[in-house]
Amino acid sequence: MSNSTPVWHRDAKGARKRHVRIETIGNTFLFFENQWRSEAYYFGDLVYRGLTGGSHVFGLDDGIKSRPNWEMGFTGDPPTELMKLLPKIRQPMLSGVGMLIIAFLCLGIVYFGSPHV
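A brief structural summary. Model, not experiment: these values are computed from the prediction.

### Details of the overall build of the chain
- A tally of helices and strands in the chain yields two helices and eight strands.
- Counting from the amino terminus, the chain carries its helices and strands in the arrangement β-β-β-β-β-β-β-β-α-α.
- Residues counted as buried form 31% of the 117 residues belonging to the chain.
- Taking the intrachain contacts of the chain between residues at least 6 apart in sequence as the baseline, contacts between residues at least 24 apart amount to 35%.
- Carbon and sulfur atoms make up 59% of the accessible area of the chain, which amounts to about 8,200 Å² in all.

Here it is as structure tokens:
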């Protein structure tokens, strides 16, 4: 994989984002940073968590260990060579504006549907 795509990683032990290099081996990948190397992770254990701060964020859901703080993100779009291995990037069904409209409609129904004293 080319080093031109910024990749960051946050493990479950700390809140610090590491700007890392990702290496793939079959259907697994590892992170490298200076003298540090992560354990191997499976692409099949990744779930898409959404777009946060301009980064597509993926989480780890391996079903064995609970790692809610584990994150991997790509600033911008993920590299094309990884797109077939990563989970599908799904756009939310409702945007923030859509949710706001639904909230106001619900409030209106409750307000106008309740008997006024």
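### Observations concerning the pattern of salt bridges
- Under the defined criterion, the tally for this structure stands at four salt bridges.
- Of the charged contacts in the structure, one is a salt bridge between Glu 33 and Arg 18, with a shortest N-O distance of 3.6 Å. In this pair, Glu 33 is assigned in strand 3 (residues 28–33) and Arg 18 in strand 2 (residues 18–25), connecting sequence segments 15 residues apart.
- In this structure, Arg 21 and Glu 23 form a salt bridge, with 2.6 Å as the shortest nitrogen-oxygen distance.

### Here we look at the nonpolar core
- Residues Phe 29, Phe 31, Leu 46, Trp 70, Met 72 and Leu 86 are the most contacted members of the largest nonpolar core, which totals 16 residues.
- Those elements that provide at least two residues to this core are strand 2, strand 3, strand 6 (46–52), strand 7 (55–60) and strand 8 (71–75).
- Leu 46 has contacts with Phe 29, Phe 58, Gly 59, Leu 60, Trp 70, Met 72, Leu 86 and Pro 87, leaving out every residue within four places of it along the chain.

### Here's the deal with the packing of aromatic side chains
- Under the definition given, this model contains nine aromatic pairs.
- With a centroid separation of 6.1 Å and 50° between ring planes, the pair formed by Phe 31 and Tyr 41 is classed as tilted. Pair noted here: Phe 31 is in strand 3 and Tyr 41 is in strand 5 (residues 41–42), with a separation of ten residues, a long-range link.
- With centroids separated by 5.0 Å and ring planes inclined at 65°, the aromatic side chains of Tyr 41 and Trp 70 adopt a geometry described as edge-to-face. Here Tyr 41 is found in strand 5, whereas its partner Trp 70 is found in the loop between strand 7 and strand 8, with 29 residues between them in sequence. Both residues of the pair, Tyr 41 and Trp 70, belong to the buried class.
- Put simply, the rings of Phe 29, Phe 31, Tyr 41, Phe 43 and Trp 70 touch in pairs and so form one group of aromatic residues.
- One Lys or Arg, Lys 17, reaches over the ring of Trp 8 and ends 4.2 Å from the middle of that ring.
- A cation sits over an aromatic face here: Arg 18 above Trp 36, 4.0 Å from the ring centre.

### Examining the pairing of strand 1 (residues 7–10)
- Bridge count for strand 1 against strand 2 is three bridges, and the pairing is antiparallel. Within strand 2, the position partnered with His 9 by the bridge is Arg 18.
- Strand direction decides the pairing type here: strand 1 and strand 8, joined by four bridges, are antiparallel. Residue pairing across strands places Trp 8 opposite Gly 73, the latter belonging to strand 8.

The rules behind each value
Residues numbered from 1 in each chain as written. Predicted model: local features only at pLDDT ≥ 70, side-chain atom pairs only at ≥ 80, totals over all residues. Heavy atoms only, no water. Helix = DSSP H or I, 4+ residues; strand = E, 2+ residues; numbered from the N terminus. Buried < 20%, exposed > 50% of the residue type's maximum accessible area, 1.4 Å probe, protein only. Contact = heavy atoms within 4.5 Å. Areas by Shrake-Rupley, 256 points an atom, 1.4 Å probe, with all protein chains shown as cover. Salt bridge = Lys/Arg side-chain N within 4 Å of Asp/Glu carboxyl O. Core = buried A, V, L, I, M, F, W, Y, C linked by side-chain atoms within 4.5 Å. Phe/Tyr/Trp six-rings, centres within 6.5 Å; stacked < 30°, edge-to-face > 60°. Lys NZ or Arg CZ within 6 Å of the ring centre and 35° of its normal. Pairing = 2+ DSSP bridges.

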